[in-house]
Amino acid sequence: MTTLMRVMELVCFGDADTAFAPRELPRPTPGPGQLLVRVEATSVNPLDLQTRRGDYRDQVALPAVVGNDASGVVVESGPGAGDFQPGDEVWYLAPIFSGQGTYAEFHVVDQALVARKPTRLSHVEAAGLALVGVTVWEALVERAGVRAGERVLVHGGAGGVGSAAIQLAGALGAEVVTTARARDHEFVTGLGADTVIDFSAGDYVPQVRALGGVDVVLDTVGGDTLARSPEVLADRGRVVSIVDTPEPQNLLAAWGVNATYHFLFVSPGRAKLEALGRLVDQGGLRPVIGAVLPLADVAQAHTLLEGGSAGGGRRRPRGKIAVAVRQ
């Protein structure tokens, strides 16, 4: 007899309220080197919104179970997967555009991508940190090589990536400048931002220049924000963008300041999670969870992240929106 599991399946590309449907699918079986994880929580990321809208329709065959990060409990190990045992609490970032996603009660993942969940974190918190945590680690540590005493500009400090990036940059010993709406200034200051600029109140560039420029820009916005990054960079500054760039970019100004650019599409890995876990356990990083919704309300979670009204008129939460798969 086949054991079934609940999932929220992406059945069509488009608006959140029509894209998802609840389904029961066969529970997967772990293959060599794989783990079967009972998913306790996942989260919603901008990548999920893009996938649902159809931005990557060539990569996703419908119907599909999407979702990219998870925290849960190992249920079964496949042949050769001896790093973890049933009952171990784990967290991970799943391979993007590869296999079933994490909007499901169970998920199969290669053990090489999995780490033990930090004891300080609940499953909801761990799921909310997995993708954004790996993203900012790769951006600030592996790509930009942020050093103590440097100045880092984080765009969108109140968002999921931004809230993690502020903390990580501070833990690396950097001076942190961030952009955020006025209502979020106290919030991002509490995360460790040294200077906060209201991006909705005018041009941020003169304010950053008045500080003497920055060594690193983490771009979470794209468009004009990315194009103007050279205007705030010190000589030999670095820019890391996590945003798609469908339009050609004029980088002549970047040449004038000897800038280095990195365009980041995050890749999963255990070592990054373990490094983040150590930082969490040392008190240097904490997830910011702005809302938690049940699996059945994934569509509402998407709308909340987009800043829409399906959440009863609520504005977009600060930090991450998590999904509690089991309640």
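All values reported here derive from a predicted model rather than from experimental measurement.

### Things to note about the packing of helix H2 (residues 46-53) against helix H10 (residues 298-306)
Between H2 and H10, whose axes approach to 10 Å, the crossing angle comes to 110°. The angle between H2 and H10 falls in the class roughly perpendicular. Between H2 and H10 lies a crossing of left-handed hand. Between H2 and H10, the contacting residues are Pro46, Asp48, Leu49, Arg52 and Arg53 on the first element and His302, Leu305 and Glu306 on the second. The residue inventory of the contact of H2 with H10, partitioned by class, reads three nonpolar, one polar and four charged.

### Points about unusual backbone geometry
The amide bond that connects Leu62 to the next residue, Pro63, takes the cis arrangement and shows omega of -5°. Considering the arrangement of structural elements, one finds Pro63 in the loop between H2 and strand S4 (69-77). Phi at Phe97 takes a positive value of approximately 60°, unusual for a residue other than glycine. Mapped onto the elements, Phe97 comes out in the loop between strand S5 (89-93) and strand S6 (106-110).

### Some words on the packing of helix H3 (residues 123-143) against helix H4 (residues 160-171)
At a closest axis distance of 9 Å, the pairing of H3 and H4 adopts a crossing angle of 50°. When the axis of H3 is compared with that of H4, the two are oblique. Crossing of H3 over H4 shows right-handed handedness. Here H3 contributes Val132, Val136, Trp137, Leu140 and Val141 to the contact with H4, which in turn contributes Gly160, Val161, Ala164, Ala165, Leu168 and Ala169. Residues that form the contact of H3 with H4 fall into these classes: 10 nonpolar, one polar and no charged.

### With respect to the layout of surface pockets
The calculated volume of the largest pocket comes to roughly 1,400 Å³. Pro46, Thr220, Val221, Val243 and Arg316 are the residues nearest the centre of the largest pocket, which is lined by 47 residues in total. Counting residues per element, the ones that place at least two in the lining of the largest pocket are H2, H3, H4 and strand S15 (320-324). Top contributing element to the lining of the largest pocket by residue count: H2, with five residues. Within the lining of the largest pocket, the residues separate by chemical class into 23 nonpolar, 15 polar and nine charged. In terms of lining, the second largest pocket is formed by 17 residues, of which the most central are Val65, Val66, Phe97, Ser98 and Gly99. Class assignment for the residues of the lining of the second largest pocket results in nine nonpolar, eight polar and no charged.

### Some words on the confidence of the model for the protein
When pLDDT is low, close inspection of the predicted coordinates is not appropriate. Across the protein, the average pLDDT comes to 93, with 97% of residues at 70 or higher. This model gives residues 309-313 a pLDDT under 50, and the stretch forms five contacts once residues within four places in sequence are excluded.

### Considerations on the pairing of strand S9 (residues 175-179)
Note on strand geometry: in a regular strand, side chains alternate between the two faces of the sheet. With four of five residues buried, S9 is to be regarded as a mostly interior element. Bridge count for S9 against strand S10 (residues 195-197) is three bridges, and the pairing is parallel. Considered in S10, the bridge of Thr179 is made with Ile197.

### Concerning helix H9 (residues 270-281)
Between its first and last C-alpha atoms H9 spans 16 Å; for 12 residues at 1.5 Å apiece the expected length is 16 Å, and the two agree. All of the buried residues in H9 are Lys272, Leu273, Ala275, Leu276, Gly277, Leu279 and Val280. Taken from the residues just after H9, Gly283 is the one with a positive phi, measuring 85°.

### Examining the pattern of salt bridges
Here the structure, examined in full by the defined rule, presents 20 salt bridges. As a salt-bridge pair, Arg143 and Glu138 come within 3.4 Å of each other at their nearest N and O atoms. Accessibility expressed as a relative area gives 28% for Arg143, which makes it partly exposed. Residue Glu138 is classed as buried on the basis of its relative accessible area of 4%. With its nearest N and O atoms 4.0 Å apart, the salt bridge here joins Lys272 to Glu142.

About the thresholds
Residues numbered from 1 in each chain as written. Predicted model: local features only at pLDDT ≥ 70, side-chain atom pairs only at ≥ 80, totals over all residues. Heavy atoms only, no water. Axes fitted to C-alpha atoms, helices over the stretch in contact; angles between N-to-C directions. Helix = DSSP H or I, 4+ residues; strand = E, 2+ residues; numbered from the N terminus. Parallel < 35°, antiparallel > 145°, perpendicular 65-115°, else oblique. Left-handed = near helix turned anticlockwise from the far one by under 90°. Contact = heavy atoms within 4.5 Å. Nonpolar A, V, L, I, M, F, W, Y, C, P; charged D, E, K, R; others polar. 1 Å grid on protein atoms, 1.4 Å probe; cavity = no way out; pocket = protein on both sides within 12 Å on 5 of 7 lines; lining within 4 Å. Points joined across faces, edges and corners; volume = space filled by probe spheres on them. pLDDT = per-residue confidence, 0-100. Buried < 20%, exposed > 50% of the residue type's maximum accessible area, 1.4 Å probe, protein only. Pairing = 2+ DSSP bridges. Expected span 1.5 Å × (residues − 1). Salt bridge = Lys/Arg side-chain N within 4 Å of Asp/Glu carboxyl O.

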